Amino acid sequence: MSAPTYTRSRTAAPGRVDIRLPWWAVVLPAVAFVALLLLILNPADSQAASGDPSIVRILAHARDLVLP
């Protein structure tokens, strides 16, 4: 008696690649990006701004967009 074999129920259409990502492969990088962005934009730990004022203004605007 031979072992039962299992076949895929769904097959990709000819000429197409069927790639399916697990949910965490999309969510984890997005969460990491948001966390790092918030760390960069957090003004509580920053030193006195000595850079170009336009860059400071852009970062402040981005912080206002992200944080309510």
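Residue numbers restart at each chain and count upward from 1, following the sequence in its written direction. Local features in this predicted model are restricted to residues of pLDDT 70 or higher, and side-chain atom pairs are both shown and tallied only at a pLDDT of 80 or more, whereas totals for entire chains, interfaces and linings draw on every residue. Processing note: side-chain calculations cover all non-hydrogen atoms of the structure and skip hydrogens and water entirely.

Here a helix means four or more residues in a row that DSSP labels H or I, a strand means two or more in a row labelled E, and each is numbered from the N terminus. A count of helices and strands for the protein chain gives two helices and zero strands. For the protein chain, the exposed surface amounts to about 6,700 Å²; the carbon and sulfur share of it is 66%. To be clear on the numbers: accessible area is Shrake-Rupley with a 1.4 Å probe, and residue cover counts the displayed protein chains and nothing else.

In the sections that follow, a salt bridge refers to a side-chain nitrogen of Lys or Arg positioned within 4 Å of a carboxyl oxygen of Asp or Glu. All told, the structure shown has one salt bridge when counted by the stated rule. A salt bridge links Asp64 to Arg63; the nearest nitrogen and oxygen atoms lie 3.9 Å apart. In this scheme, a residue with accessible area under 20% of its type's maximum is buried, one over 50% is exposed, and one in between is partly exposed, where area comes from a 1.4 Å probe on protein chains only. Since its relative accessible area comes to 51%, Asp64 is described here as exposed.

So, on to the packing of helix α1 (residues 23-41) against helix α2 (residues 53-66). It is the contact of α1 with α2, at a shortest axis distance of 10 Å, that shows an interaxial angle of 130°. Classed by the angle they form, the pair α1 and α2 counts as oblique. Note that α1 runs across α2; the crossing there is left-handed. Contacts between α1 and α2 involve Leu37, Leu38 and Leu41 on the former and, on the latter, Leu59, Ala62, Arg63 and Val66. A per-class count over the contact of α1 with α2 returns six nonpolar, no polar and one charged. Angles shown run from 0 to 180 degrees and are taken between the N-to-C directions of axes, each axis being a line fitted to C-alpha atoms and, for helices, limited to the stretch in contact. Reported orientations rely on four angle classes, namely roughly parallel under 35 degrees, roughly antiparallel over 145, roughly perpendicular from 65 to 115, and oblique for the rest. Crossing handedness is defined as follows: a turn of the near helix away from the far one that is anticlockwise and smaller than a right angle gives a left-handed crossing, while the clockwise case is right-handed. Contact criterion: two residues are considered in contact whenever any of their non-hydrogen atoms come within 4.5 Å of each other. Following the grouping adopted for this structure description, the nonpolar residues are Ala, Val, Leu, Ile, Met, Phe, Trp, Tyr, Cys and Pro, the charged ones are Asp, Glu, Lys and Arg, and the polar ones are all others, Gly among them.

A patch consists of residues whose relative accessible area exceeds 30% and which take part in no salt bridge; residues with like charges are grouped when within 9 Å of each other, and nonpolar side chains (Val, Leu, Ile, Met, Phe, Trp, Tyr) when within 5 Å. The grouping of Val17, Ile19, Leu21, Trp23, Trp24, Val26, Val27, Leu28 and Val31 at the surface amounts to a nonpolar patch, some 1,000 Å² of accessible area in total. Tracing the sequence through the fold places Leu21 in the segment before α1.

Read these as layout, nothing more, since geometry by itself doesn't imply function.
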